[in-house]
Amino acid sequence: MNDYSHELQAVQPLLDEYSEVELSLADPEVLGDRARSRKLAKRFSELGAVKAAADALTSAIEDLEAARQMAEDDPSFAEEIPAMERTLEVAHDKLVKILIPRDPADADNIILEVKAGEGGEESALFAADLARMYTRYAEIKGWKVKELSSTPTGLGGLKEISLSIASKGNVAPEDGVWAHLKFEGGVHRVQRVPVTESQGRVHTSAAGVLVVPEVEDDDEEIEIDQNDLRIDVFRSSGPGGQSVNTTDSAVRITHIPTGIVVSMQNEKSQIQNREAAMRVLKARLVQLAREEREAEAAAVRASQVRTVDRSERIRTYNFPENRIVDHRTGYKAYNLSTVLDGELEPVVQSAITLDEQQRMEEAGQA
């Protein structure tokens, strides 16, 4: 039987790095450097998962060896060996899975945007349903949600909404917000009888979801040239277009080279809206730059599940049948009402599982 010494030797450099990072985090000089401290803390969480898996494998190996030795003197111990062998295999598989290269942004927080598509008011109502679903899911996961901007409609729908979703403290990559919600980007289709439909016919409409990792203020991945920005200010408006502000506090920023437009009007002042808009713009530009680098290098996308073309339909929500279907993973369930109330984990896990399988296949081919 494999003693797994090769695997433990291979992971030793990462365990050594874990000890070094742990010492660095206790250094007063490092603690005084916010950017360096944050990056080291993120790395410490990543390496902590490796250490926990390696420790579990080492412990399983030692327990099995001890049981085999004792079984030579007392046959009753032999009964425990099969269960210990299964524990060892599980620990080994977990370590292998953790060591597979993963998206470097997995532990990052995100900005999630939902936009109503074709379908008028019904699409706006569905966008509001999706925003509530993600908010409830984040609350269930213990994450923090902040609304950055929204444009409501008269019937309670949303033309668009931007949410910041963040984990509390540093987390391991597999527990990160981006690791879970990066697969949500795309077109979400709904089939139901609209509240505005008097004939009771089922209509199909859609809403778009955009998810990008949030960029910290001290990240140097991208610099925005102020000459590339067109900044317009206007009066904030509420449902139906009525003015809710007597000053021009709303801000629209257009990034001329890419054509990306971000509007913010929820904050009370023009300065606050501008800061919020720049926050979203920077996150979008960083993600765009990452995707372009990967494409130019002909690299396989870090997440194979997540479609490059966000116009592609990824999921259907069928209200008459209480059915939800993910068209990428094949996931199907008849608990749509529960999912919309935030119980999104099984759907998310179907995408994570498919992504892990593909990454393992790629690692085996390398």
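One can find the structure itself at the top, above this paragraph.
This text gives an overview of the structure that appears in the document. (Residues numbered from 1 in each chain as written. Predicted model: local features only at pLDDT ≥ 70, side-chain atom pairs only at ≥ 80, totals over all residues. Heavy atoms only, no water.)

Quick notes on the nonpolar core
- Membership of the largest hydrophobic core comes to 38 residues, with the highest contact counts inside it found for Leu112, Leu130, Ile165, Leu181 and Tyr317.
- Residue assignment for this core shows that the elements contributing at least two residues are strand S1 (110–116), helix H5 (120–141), strand S3 (158–166), helix H6 (177–181), strand S5 (203–213), helix H8 (336–340) and helix H9 (345–365).
- Per-element accounting of this core gives the leading share, nine residues, to H5.
- Ignoring anything within four residues of it in the chain, the contact list for leucine 130 reads Val114, His188, Ala207, Val209 and Tyr317. (Core = buried A, V, L, I, M, F, W, Y, C linked by side-chain atoms within 4.5 Å. Buried < 20%, exposed > 50% of the residue type's maximum accessible area, 1.4 Å probe, protein only. Helix = DSSP H or I, 4+ residues; strand = E, 2+ residues; numbered from the N terminus. Contact = heavy atoms within 4.5 Å.)

Describing the packing of aromatic side chains
- Summed over the entire model, instances satisfying the criterion amount to three aromatic pairs.
- Consider the rings of phenylalanine 126 and tyrosine 317, whose centres lie 5.3 Å apart with planes at 65°: the pair is edge-to-face. Taken together, the residues span a long stretch of sequence, with phenylalanine 126 in helix H5 and tyrosine 317 in strand S9 (residues 313–318) at a distance of 191 residues. Take phenylalanine 126 and tyrosine 317: they sit in the same class, and that class is buried.
- Ring geometry for tyrosine 137 and tryptophan 143: centres 5.8 Å apart, planes at 85°, overall edge-to-face.
- Accessibility expressed as a relative area gives 8% for tryptophan 143, which makes it buried. (Phe/Tyr/Trp six-rings, centres within 6.5 Å; stacked < 30°, edge-to-face > 60°.)

Observations regarding the sheet that holds strand S11 (residues 332–333)
- Spatially, the eight strands line up as an open sheet ordered S2-S3-S1-S5-S4-S9-S10-S11, and their pairing is mixed. The strands lining the two open edges of the sheet, one partner per strand, are strand S2 (144–152) and S11.
- The sheet contact formed by S1 and S5 spans seven bridges and is antiparallel. If you follow leucine 112 over to S5, its bridge partner there is valine 211. (Pairing = 2+ DSSP bridges.)

Quick word on the packing of helix H3 (residues 34–73) against helix H4 (residues 81–99)
- Between H3 and H4, whose axes approach to 9 Å, the crossing angle comes to 160°. When the interaxial angle is binned, H3 and H4 end up roughly antiparallel. Note on packing geometry: the crossing formed by H3 with H4 is left-handed. (Axes fitted to C-alpha atoms, helices over the stretch in contact; angles between N-to-C directions. Parallel < 35°, antiparallel > 145°, perpendicular 65-115°, else oblique. Left-handed = near helix turned anticlockwise from the far one by under 90°.)

Considerations on the environment of arginine 192
- For arginine 192, the location among the structural elements is in strand S4 (residues 186–192).
- For the pair formed by arginine 192 and glutamate 122, sequence separation is 70 residues and the distance between their alpha carbons is 9.2 Å.
- With residues near it in sequence (within four places) discarded, arginine 192 still touches Glu122, Leu125, Phe126, Asp129, Arg201, Val202, His203, Phe319 and Pro320.
- Here the side chain of arginine 192 touches glutamate 122 through a polar contact of 2.5 Å, side chain to side chain. (Polar contact = N/O pair within 3.5 Å; in protein donor to acceptor, adjacent residues only side chain to side chain.)

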